[in-house]
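Commentary on secondary and tertiary structure
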Amino acid sequence: MATITVERTVGTTKKAVLAGLIAYNNERMGKQKYKRLAISLKERGKIVGGIVGGVWTQVLFIQLFWIEQKFRGKDHGTKLIAAIEDEARKIGATRSYLDTMSFQAPGFYRASGYEEFGAIDGYPGGVTRHWFTKSL
């Protein structure tokens, strides 16, 4: 009989779920490549910003994007997003997507050519989560 277990560490379960999901997806879509990407902004060798994502099938998912406060508003974000999009195109990506909170950067993504395709209200402090996509 199957049982449900609540776990406080996710490593073992995550590996099993990921392996099962990959196998299922491969059955339906054929084996697909996944390529991770990271672009950093450095000053004197220290990372002061960066963008991390991955391309699966032909879609770039931007997972993490951060720039230290004193480097914001100086076109670094525009250059970082252009760099990850360019790298994604080189490996066959034709679309990009990401999510951001209303207090983070929805305006930046709109200015970068991204279109909003969904939002969820109800986060603490009146915050909304937004999803964006862009054709590459």
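Attention here is on the structure that accompanies the text. Note that the structure is predicted; figures quoted are calculated from it, not measured. (Residues numbered from 1 in each chain as written. Predicted model: local features only at pLDDT ≥ 70, side-chain atom pairs only at ≥ 80, totals over all residues. Heavy atoms only, no water.)

Some remarks on the overall build of the protein chain
Looking only at helices and strands, the protein chain has three helices and six strands in total. Along the protein chain, helices and strands appear, N-terminal first, in the series α-β-β-β-α-β-α-β-β. Overall, the C-alpha framework of the protein chain stretches about 60 × 40 × 35 Å when taken along its three principal axes. Residues counted as buried form 26% of the 136 residues belonging to the protein chain. A fraction of 49% describes how many contacts in the protein chain between residues 6 or more apart in sequence connect residues 24 or more apart. Element-wise, carbon and sulfur atoms account for 56% of the exposed surface of the protein chain, whose accessible area totals about 9,700 Å². One finds the centroid of the 21 positive side-chain charges in the protein chain at a distance of 6 Å from the centroid of its 12 negative side-chain charges. (Helix = DSSP H or I, 4+ residues; strand = E, 2+ residues; numbered from the N terminus. Buried < 20%, exposed > 50% of the residue type's maximum accessible area, 1.4 Å probe, protein only. Contact = heavy atoms within 4.5 Å. Areas by Shrake-Rupley, 256 points an atom, 1.4 Å probe, with all protein chains shown as cover. Lys, Arg positive; Asp, Glu negative; His and termini not counted. Charge placed at Lys NZ, Arg CZ, Asp CG, Glu CD.)

What to know about unusual backbone geometry
Positive phi is not limited to glycine here, since Thr-57 has a value of about 55°. When you line up the elements, Thr-57 lands in the loop between β2 (46-56) and β3 (59-67). Phi at Asp-75 is positive, roughly 75°, even though this residue is not glycine. With respect to the secondary-structure elements, Asp-75 resides in the loop between β3 and α2 (76-90). Among the residues examined, Asp-75 registers a relative accessible area of 43% and is labelled partly exposed.

Focus: the sheet that holds strand β5 (residues 115-123)
Taking strand neighbours across the sheet as the criterion, the six strands line up as β1-β2-β3-β4-β6-β5 in an open arrangement whose pairing is mixed. If you trace the sheet from one side to the other, it starts and ends with β1 (34-43) and β5, each paired once. Averaged over all neighbouring strand pairs, the angle between strand axes comes to 20°, with direction disregarded. Both strand β4 (residues 95-101) and strand β6 (residues 127-135) contribute to a ladder of seven bridges, which runs antiparallel. Within β6, the position partnered with Arg-95 by the bridge is Ser-135. Contacts between α2 and the sheet are confined to β1, β2, β3 and β6, with β3 contributing the most and set at about 155° to the helix. (Pairing = 2+ DSSP bridges. Axes fitted to C-alpha atoms, helices over the stretch in contact; angles between N-to-C directions.)

Here's the deal with the environment of Lys-70
Tracing the sequence through the fold places Lys-70 in the loop between β3 and α2. C-alpha of Lys-70 to C-alpha of Ala-83: the two residues are 13 residues apart in sequence and 21 Å apart in space.

Some thoughts on the pattern of salt bridges
Tallied over the entire structure, the rule returns seven salt bridges. When the shortest N-O distance is used, the salt bridge between Lys-134 and Glu-85 registers 3.2 Å. In this pair, Lys-134 is assigned in strand β6 and Glu-85 in helix α2, connecting sequence segments 49 residues apart. For the pair formed by Lys-134 and Glu-85, the shared burial category is buried. With a shortest N-O distance of 2.9 Å, Asp-99 and Arg-129 are connected by a salt bridge. Highlighted residues: Asp-99 in strand β4 and Arg-129 in strand β6, separated in sequence by 30 residues. (Salt bridge = Lys/Arg side-chain N within 4 Å of Asp/Glu carboxyl O.)

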